[in-house]
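Here's the letter readout for the chains.
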Amino acid sequence: MIMQKGDDERSAVEDFLYHEAAILDDWDLDAWLDLMCDDAIYLVPPNEAPESDPEDTLFIIADDIHRIRSRVKRLKSPDAHAEYPPSRTRRLITNIRILKSSERELTVTSNFSVHRFRRGGKGGVYIGRYVHRLQRVASGFRIAERRVILDAEELGALGAVSFIL
Amino acid sequence: MVTNPYIVDDPAQNDFRLNRETLVDPEILKLEKKRVFNTCWIYAGHDSEVSSPGDFVTRTVAGRPVIMTRDSKSGMRLFLNTCRHRGAQVCRERSGNTKRFYCFYHGWSYDNDGALVAVPGDDAYPDSFDRSELGLMQVPRFEQYKGFWFVCFDRSAPSLDTYLSGAKEYIDLVVDQSQSQEMEIVTGVQEYDVEANWKLLVENSFDDYHLHSTHSTWLEYMKDAGVNVKIPKGKGLLLPKRGVGKNLGNGHAAIDSQNFRGRPVAAWISIYGEKAKSLVEAAKRELIERLGEERAERVANTNRNLFVFPNLMINDGSSVTVRTFWPAEVDRMEVTAWALGPVEESPEMRKVRLDAFLTFYGPGGFATPDDVEALMQVQRGIAETVNEVPWSVMTRGIAKNGEQLNSDELHLRTFWRRWNELMTGNMLSAAE
């Protein structure tokens, strides 16, 4: 089999996204923070307006790096009641495509289904797609922007996005 | 069948208890739909959501599918979203602009004044068939106060203005934030379910007693950001600043406290960033010029959670949120929440407002998910234990004469007393 440059790059991106999924499913949130650029943003747009801008639209989550760190701090506390005990999650990531690639960064989209389980039954399946903007660094990639677009018309029975989706 | 009373209300004996059956019995929900939701004014939407002729939104209000629209003469209309022929919904989009509502089932169509304008093959109908009587059905009553539109399905109900009673003062305080006296709903609706009885969210939405235990991670976040969240000394004080609970008449109530958490209009905190400081200060100066020192201070530096009976909350704190909810089942409600801001707000301040909203509110906020969890835990705790544990205790502050704190439970009792009156037809003599 002949490997193209594009295949190499996609393998590297796939490995990175699978690694991110694994540490989130393991609740290794400090390791997840280590994947972030110093000015990273984490966005979950509203179901009704997935392509909008958090500056003029009410999002579900629109964290700059400071709030990402605060979110992790909160989630590590037993007083984050919605996530105590922490949900069990399992992420399946497929259909990975590199949309843009430059010397400095890449834009990557992937489809996800995130299965959430809680004692007593209240879980759910979050379906949608990720759009990652990744910066190239010596060790591989760092996340500059992580946009999580839900397919559902409304959050509805899922209730909340209380863990890192 | 509920044998005990819904509530035991005996302030003379310092007793107020709530029968937990009211939160778990499906028969009570059926009765609520009739006696509460079909007799009260129910929030339907805001002026700003349909600003031009032909604009519409569809949603469920008081359980009914409705179309809220601006007709050809810019009048606000609320139609039931059902074809007069055989019943299908005539509009399926979330929002848009149209001159026609079209039923795809048999092809009947209506203009945005509601008139039936096209009936395919209408020569098969008898002479008595009268199009003018078959327009889209409007709701019996549809009135607004300062841009907030409410529907009432009881033709004989008092006007919205009368109904709102003391709640108007608190809506005024929200609207006074805008120089033009016009507020708008920001794009980005939050729609999520809570697996709990709807009345638990009434309680939770203005229950300041739970702040410390349920939201300690949020308080920690505020503290880390440099906001003073220390509890002052004083009997019964549980919150960083003093606040009171108030009965506003007709079941409406509010908690009203000195601000500590920052307000886009107009009390700066460090979380907003240095750049926003001058903008928040300018907003404060504008308030002072327009409203005078005292009123400006009231608008800018108090946080108010307003409950409009039976299912509307307007929380004016770190940001303004409008939240309504509907009992899909006795143990599941559907919540809809929006952010509200002054129409003339600058892009910079709008960003601050939305950012401030998300630190606390919404399904991804640092507080709301824990509320959702708490209510679900209540529902699970009580659902099958009502025989053994029939009552909840709601007596905080009941022994006091005069002012009640926001961490007391006067405002919760206010809701339950009105609910009980409507459900039983017995007006309570007990006053507090």
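Computed from a prediction, not measured in an experiment: that's the story for all the values here.

### Things to note about the overall build of chain B
Okay, step 1: The helix and strand inventory of chain B stands at 12 helices and 22 strands.
Okay, step 2: For chain B, the C-alpha radius of gyration of 23 Å lies close to 22 Å, the compact-globule estimate for 432 residues.
Okay, step 3: Over its C-alpha atoms, taken along the principal directions, chain B stretches across nearly 80 × 60 × 35 Å.
Okay, step 4: When the 432 residues of chain B are sorted by exposure, 47% land in the buried category.
Okay, step 5: Sequence separation of at least 24 residues holds for 61% of the intrachain contacts in chain B that already meet a minimum separation of 6.

### Topic: the pairing of strand β11 (residues 141-145) of chain B
Residue and element names in this part refer to chain B.
Okay, step 1: Here β11 pairs with strand β12 (residues 148-152) via 5 bridges, running antiparallel. Counterpart to Arg141 in the pairing with β12 is Cys152.
Okay, step 2: Between β11 and β12, which follow one another and run antiparallel, lie 2 residues, and Lys146 among them has a positive phi close to 50°.

### Things to note about the domain arrangement of chain B
All names here are of chain B.
Okay, step 1: Along its sequence, chain B is organised into domain 1 (42-145) and domain 2 (165-424).
Okay, step 2: Just the C-alpha atoms count here: the centres of domain 1 and domain 2 sit 34 Å apart.
Okay, step 3: Across the boundary between the two partners, domain 1 contributes 8 residues, which contact 9 residues of domain 2.
Okay, step 4: In terms of residue count, strand β3 (residues 42-46) provides more of the side of domain 1 that touches domain 2 than any other element does, 3 residues in total.
Okay, step 5: Across the side of domain 1 that touches domain 2, the residue classes break down as 3 nonpolar, 4 polar and 1 charged.

### Overview of helix α3 (residues 65-75) of chain A
Okay, step 1: Within the span of α3(A), buried status applies to Arg67(A), Ile68(A), Ser70(A), Arg71(A) and Arg74(A). What you see down the axis of α3(A) is that its buried residues fit within an arc of 165°, all on one side.
Okay, step 2: On its buried face, α3(A) sits against β1 (36-44) and β2 (61-63) of chain A together with α7 (216-224) of chain B.

### Describing the sheet that holds strand β8 (residues 100-102) of chain B
Residues and elements named next belong to chain B.
Okay, step 1: Pairing within the open sheet is antiparallel, and its 3 strands lie in the order β8-β9-β10. Two strands bound the open sheet, and with one partner strand each, they are β8 and β10 (116-118). Averaged over all pairs of adjacent strands, the angle between strand axes in this sheet comes to 35°, irrespective of strand direction.
Okay, step 2: As paired strands, strand β9 (residues 109-111) and β10 are joined by 2 bridges and run antiparallel to one another. Looking at β10, one finds that Tyr110 is bridged to Leu116.

### What to know about the sheet that holds β3(B)
Residues and elements named next belong to chain B.
Okay, step 1: Here we have 3 strands laid out as an open sheet, ordered β3-β12-β11, and antiparallel in their pairing. Two strands in the sheet have a free side with no partner beyond their single neighbour: β3 and β11. Put simply, the sheet's adjacent strands are angled 30° from each other on average, direction ignored.
Okay, step 2: Here β3 pairs with β12 via 4 bridges, running antiparallel. In the sheet register, His46 faces β12, and the bridge partner there is Phe148.

### Concerning the packing of helix α5 (residues 198-205) of chain B against helix α11 (residues 368-382) of chain B
Residues and elements named next belong to chain B.
Okay, step 1: Remark: α5 packs on α11, axes separated minimally by 10 Å, with the N-to-C direction vectors making an angle of 135°. In this view, α5 runs oblique relative to α11, as classed from their interaxial angle. Classified by chirality, the crossing of α11 by α5 is right-handed. Residues Leu200, Leu201 and Asn204 of α5 lie in contact with α11, whose contacting residues are Asp371, Ala374, Leu375 and Val378.

### Considering the confidence of the model for chain B
Okay, step 1: Per-residue confidence for chain B gives a mean pLDDT of 95, with 99% of residues at or over 70.
Okay, step 2: For this predicted complex, the interface confidence reaches an ipTM of 0.95, while the overall pTM sits at 0.96.

### Some thoughts on the nonpolar core
What tends to happen in soluble globular proteins is that the nonpolar side chains get buried as a cluster.
Residues and elements named next belong to chain B.
Okay, step 1: Residues Ile42, Ala44, Phe150, Leu201 and Phe307 are the most contacted members of the largest nonpolar core, which totals 142 residues.
Okay, step 2: With 7 residues, the top contributor of residues to this core is helix α10 (residues 347-360).
Okay, step 3: Sequence-distant contacts of Ala44, that is, excluding residues within four places in its chain, are made with Val61, Val66, Met68, Leu78, Trp149, Phe150 and Val151.

### Re the interface of chain A and chain B
Okay, step 1: Tallying the contact residues gives 31 residues for chain A and 34 residues for chain B.
Okay, step 2: Among the secondary structure elements, those contributing two or more residues to the side of chain A that touches chain B are β2 and α3 of chain A.
Okay, step 3: Grouping the constituent residues of the side of chain A that touches chain B by class yields 15 nonpolar, 9 polar and 7 charged.

Reading guide: rules and limits
- Residues numbered from 1 in each chain as written.
- Chains lettered and ligands numbered in written order.
- Predicted model: local features only at pLDDT ≥ 70, side-chain atom pairs only at ≥ 80, totals over all residues.
- Helix = DSSP H or I, 4+ residues; strand = E, 2+ residues; numbered from the N terminus.
- Rg over C-alpha atoms; globule rule 2.2 N^0.38 Å.
- Buried ≥ 20, exposed ≤ 12 C-beta atoms within 10 Å, placed from the backbone.
- Contact = placed C-beta atoms within 7 Å.
- Pairing = 2+ DSSP bridges.
- Domains from an automatic or database assignment.
- Nonpolar A, V, L, I, M, F, W, Y, C, P; charged D, E, K, R; others polar.
- Arc of directions from axis to C-beta.
- Axes fitted to C-alpha atoms, helices over the stretch in contact; angles between N-to-C directions.
- Parallel < 35°, antiparallel > 145°, perpendicular 65-115°, else oblique.
- Left-handed = near helix turned anticlockwise from the far one by under 90°.
- pLDDT = per-residue confidence, 0-100.
- Core = buried A, V, L, I, M, F, W, Y, C linked by C-beta atoms within 7 Å.

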